[in-house]
Each structure stands twice: as C-alpha cells, then as structure tokens.
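Summary of structural features
Each chain is listed here by its residues.
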Amino acid sequence: MADTTAVTKAVIPAAGLGTRFLPAAKAIPKEMLPVIDTPTIQLVVEEAAAAGLRDVLMVTRRGKSAIEDHFDTASELEDALTAKGDDDGLARIREPGNLAKMHYVRQDAPKGLGHAVLCAAEHVGNEPFAVLLGDDFIDRRDPLLRRMIDVRQRYGGSIVALMEVEPDQVSAYGCAAIKPTGEDDVVVVTDLVEKPDPGEAPSNWIVIGRYVCDPAVFGVLRETPPGRGGEIQLTDALLTLATADLGVAGDGGGVHGVLFRGRRYDTGNKLDYLRTVIQFACERADLAGEFVPWLRGYLDTL
Ligand code: G1P
C-alpha cells in the first residue's frame, strides 16, 4: 500500500566494538578509520545526505566521542588554517559538519543491531526512516538509498537492499527468500534468516546494510527476543513485519527488497577495507597519477 510520507531521517548504528580492527579500534572508533583521508563514517553520512536525509542520528556508546568531534566545528583548526590562508583545508574540515544535522544517542550495552535501532525510537517518532550500517558504503554514482525511498513510497512497509553473493558467503549476512514483482529490481521478501548455517540459506540474496523501515518496526523490536548470537536482531523484527498478519492494511507491515547490482565498498573486515582503500587511491585524480604506476611496479617485484 502506497505511503508517501517523506523519509527525512537516517539512523546510523555506530556502537560496535570493532573487534575485527584491534588494536587500531582500541582507542579510536573503527568508524573513524579512514579511506585515505576521509573517515568511513563520513562517507556513510555523505551517502545519507545525497539521498536527501539531512537529519542523522548516530547510535554510539562510551569511547566513541571522536565521531562527535569529527562532525563538530574545530575552531582551533579553523583559526590556524584561516591564518595560513588555506581555503581548501578550511573547506575540507567544515564539510563533515555541513552534511546533516547530527544527533547522538547512546546504546548502554552491546545487545545487537535491533536494540541499537530501538534506541532511535524517540528521535524518529512515527515516521519512516533509513538505517545505514557503517561497515559498507555505496558508490555515489549508484543512488541505492534514493531508489529504496522511492520504492517505499509506492509499496509502503519496509525496504531492504539485497545483493547476490556466492553461496559460501551467505552465512556472514542476513539472507532473504524473495518473490518477483512486476519490476526488475523490486521483490517481495517472504523470509529472512540472520546468518544462516551453511545449507540452510533460503537464497543467495543477502541483506546489505541499507534499510528503509516503517516505524512499526519499533513496536516489533520491543517484543523481539534475542536471536542469533544472543542479540536482538533487526532481521528478526523485519521477518515479523514481512510475515505476520498485522491486521489492518496500512499498519506498517510488508517488506520489499531492492536488488542492488551497483558498486558497494565493504570496510567491515581487513581484506575488504584494504581493497577499498587501494581502489579509491587508483581512482582519485590527485593520487592515481603517481600511485598507479608505483603499484604496477611494486606488483612486478612480487
Ligand atoms: C548486520 C545484519 C545482517 C546484514 C549485515 C550487513 O550484520 O545483522 O543481517 O546482512 O549487517 O552488513 P553484522 O555485519 O553487523 O554482523
């Protein structure tokens, strides 16, 4: 059922412990690890802003205040760069603060992604909202989130982004069983399994870290018991919305998937993070000229 309520808010869970990046993530939030000179969390906020989401709520925890500082004004740095007449530097440090109106809420304990999203309930209120996970980001040339918001306006309910992967990768993700609609890149989600055991996945379509949720998800999350890993899973709450007979039409139920075939950069584990950094270096106008020949030469020495 169509729901033309505008989507204006993004929720970015950033309360994870970052254990895959220790010791780097011991004293620095893993979200601040840079792709060359830009923290990954900034790239995620840029993606939200590019989709028109100018109200961003970050779900953090103790030890993550560097994220708040990054999106805040840095007056000492601004004074120093102004004194030097460094306009480019000035623009670069102001950019994160100009992307969106930032808000923060803390998750008191690592109780899972579903619990982190529930921490956003008060800020979000009774509106549809986007969720962007910080472990990956989408190339700005492939506007996935915009497409998901469009799809939600036509179908209502909640929307997940899906990508097809090799069967041996499925158990690292949430996985969806899907049914076609009349549209090439839109499907109905009929089942969702968080990190299925090998052989038990309903398909090779995995949930990547972009969602547009109906606010009905909050009520469901409050009733969702801990699932995979003893954590409250967003996947489980979305399964309830996808399958439960919630009674009246327009009650926020129903889940659709947008099939994404574009460029996604994973920064959630070491190898993919490294691939992302190298790829960006090879594509950046200010670096590629020197970096690419050096990389070629280096590879020849191996
Ligand atoms: C989370 C979700 C999972 C999703 C994944 C995408 O898992 O629970 O369903 O597929 O993000 O990155 P996590 O990577 O936080 O364990």
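Refer to the structure printed above.
Residues numbered from 1 in each chain as written. Predicted model: local features only at pLDDT ≥ 70, side-chain atom pairs only at ≥ 80, totals over all residues. Heavy atoms only, no water.

Moving on: the nonpolar core. Grouped burial of nonpolar side chains is what soluble globular proteins tend to show. By size, the foremost hydrophobic cluster in this structure holds 45 residues, and its most contacted members are Val45, Leu53 and Met58. Breaking this core down by element, the ones donating at least two residues are strand S1 (9-13), helix H1 (40-50), strand S4 (55-60), strand S6 (129-132), strand S7 (136-138), helix H7 (144-155), strand S8 (158-164) and strand S11 (205-213). Considering every element that reaches this core, the biggest residue donor is H1, with six residues. With residues up to four places along the chain from it excluded, the contact list for methionine 58 reads Ile12, Ala14, Ile41, Val45, Ile67, Phe71, Met102, His103, Tyr104 and Val105. Counting residues in hydrophobic clusters, the runner-up holds 32 residues, among them Val11, Val117, Phe129 and Leu133. (Core = buried A, V, L, I, M, F, W, Y, C linked by side-chain atoms within 4.5 Å. Buried < 20%, exposed > 50% of the residue type's maximum accessible area, 1.4 Å probe, protein only. Helix = DSSP H or I, 4+ residues; strand = E, 2+ residues; numbered from the N terminus. Contact = heavy atoms within 4.5 Å.)

Of note, alanine 2 is situated in the segment before S1. Setting aside anything within four residues of it in sequence, one finds alanine 2 in contact with Gln153, Arg154, Tyr155 and Gly156.

Our focus in this paragraph is the pattern of salt bridges. A complete count under the given rule lists 24 salt bridges for this structure. With a shortest N-O distance of 3.7 Å, arginine 264 and aspartate 266 are connected by a salt bridge. Residue classification places arginine 264 among the partly exposed residues on the basis of a relative accessible area of 21%. Aspartate 266 sits in the buried class, given a relative accessible area of 13%. (Salt bridge = Lys/Arg side-chain N within 4 Å of Asp/Glu carboxyl O.)

Now for unusual backbone geometry. Residue proline 23 is bonded to the preceding leucine 22 through a cis peptide linkage, with omega at 5°. As for its placement among the helices and strands, proline 23 is situated in the loop between S1 and strand S2 (34-35). Residue isoleucine 36 is not a glycine yet carries a positive backbone phi of 65°. Along the chain, isoleucine 36 falls in the loop between S2 and strand S3 (38-39). A relative accessible area of 31% places isoleucine 36 in the partly exposed class. For lysine 195, which is not a glycine, the phi torsion comes out positive at approximately 45°. When you line up the elements, lysine 195 lands in the loop between strand S10 (186-194) and S11. Owing to a relative accessible area of 33%, lysine 195 belongs among the partly exposed residues under this scheme.

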